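One-letter residues, chain by chain:
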Amino acid sequence: MKKKFRQILCVNLITLLRIPLTILFLAETEAAVTGGGNLWSFWTVMTAGCVYASDFLDGRLARKWQAVTEKGARLDLFCDSVYILGSLGLLCVRRVLPYWLLLAVSGKLAEFLICSRMKKYKEKKGGRVYYYDRPGRILSAVYYLTPLLVVAFCRFAGAEAYSLLYGYSAALTGATVAVSWLKFKKGAKAENAFGKEILRNESSVSKSPDPA
């Protein structure tokens, strides 16, 4: 038990590292997008790399040590949200990104939380679990990479950076809406098929002859 506790604690501490790293990343991003030069851009990349390494390592170790817990998953989601929403919020305040991108990403996070609650409720009731959202996972990875991509745009795209970033924001917002629509469309289709299956089973039971 002590070994398992230490493993879970180690995983959670690696996850929590993303909070101070996020604060450091925000300070470096602030300097980088306001004309801080190559040095700040370099440190921004290095800090972002540490954030990504923390996210990869805590999940890898949790699965290897079988130390996956519900509290750990919540902590992981919280730290991810702080990094993504904090970075996008700063870039919106600095008018590097439009606010509607932040609203779209926040809406996607709220959707994930609601669907997770629905999934747990259905599992308790013995229902069928919601389908695997692979496009949503890919989109989450894009959200994670976006702050670093923005710094790269600002550093290397020159005068065209802002027009390119607004085009990128429009494309990412459109992808967010499309993925959410596809998710709920497939979910509704799966629910409909599950309901028809239950009706068929009930019908076959009612038609079966009673034993003598």
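These numbers were taken from a predicted model, which means no experiment stands behind them.

Further remarks concern the confidence of the model for the protein chain. For the protein chain, the mean per-residue pLDDT works out to 84, and 82% of the residues sit at or above 70. The lowest-confidence element of the protein chain is helix H7 (residues 161-207), averaging 75 in pLDDT; the highest-confidence one is helix H4 (residues 70-93), averaging 95.

Time to look at the packing of helix H2 (residues 18-33) against helix H6 (residues 134-156). The relative placement of two packed helices comes down to the angle between their axes together with the axis-to-axis distance. One way to put it is that H2 packs onto H6 with a least axis distance of 10 Å and a crossing angle of 25 degrees. In terms of their interaxial angle, H2 and H6 are classed as roughly parallel. Regarding H2 and H6, the two cross each other, and that crossing is left-handed. Listed contacts from H6 to Arg18, Phe25, Thr29, Ala32 and Val33 of H2 are Tyr144, Pro147, Leu148, Val151 and Cys154. When the residues that make up the contact of H2 with H6 are grouped by side-chain class, the tally is eight nonpolar, one polar and one charged.

Let's shift gears to a positive patch on the surface. A surface patch of positive charge is lined by Lys2, Lys3, Lys4 and Arg6. Note on lysine 3: relative accessible area 55%, which makes it exposed.

The rules behind the values
Just so you know, the residues in each chain are numbered from 1, in the order the chain's sequence is written. A pLDDT threshold of at least 70 governs which residues receive local features in this predicted model, and a stricter bar of 80 or more applies before side-chain atom pairs are shown or counted, although totals over entire chains, interfaces and linings include all residues. Computation of side-chain values: all heavy atoms of the structure, hydrogens and water removed. A score between 0 and 100, pLDDT records how confident the predictor is in each residue. In this text, helices come from DSSP runs of H or I with a minimum length of four residues, and strands from runs of E with a minimum of two, each type numbered from the N-terminal end. Here the axes come from fitting lines to C-alpha atoms, over the contacting stretch only for helices, and the angles between their N-to-C directions go from 0 to 180 degrees. In this scheme, roughly parallel covers angles under 35 degrees and roughly antiparallel covers those over 145, while 65 to 115 is roughly perpendicular and the rest are oblique. Should the near helix be turned counterclockwise from the far one by less than a right angle, the crossing is left-handed, whereas a clockwise turn marks it as right-handed. Whether two residues are in contact is decided by their heavy atoms, any of which lying within 4.5 Å being enough. Any residue outside Ala, Val, Leu, Ile, Met, Phe, Trp, Tyr, Cys, Pro, Asp, Glu, Lys and Arg is labelled polar, Gly included; the first ten of those are nonpolar and the last four are charged. Residues with no salt bridge and a relative accessible area higher than 30% make up the patches, which join like charges within 9 Å and nonpolar side chains (Val, Leu, Ile, Met, Phe, Trp, Tyr) within 5 Å. Accessibility throughout is a Shrake-Rupley quantity obtained with a 1.4 Å probe, and a residue counts as covered only by protein chains that appear here. A carboxyl oxygen of Asp or Glu within 4 Å of a side-chain nitrogen of Lys or Arg is what we treat as a salt bridge. Neither His nor the chain termini are counted; the positive set is Lys and Arg, and the negative set is Asp and Glu. The location of each charge is read from NZ of Lys, CZ of Arg, CG of Asp or CD of Glu. Any residue under 20% of the maximum accessible area for its type is buried, any over 50% is exposed, and the rest in between are partly exposed; the area is computed with a 1.4 Å probe on protein chains only.

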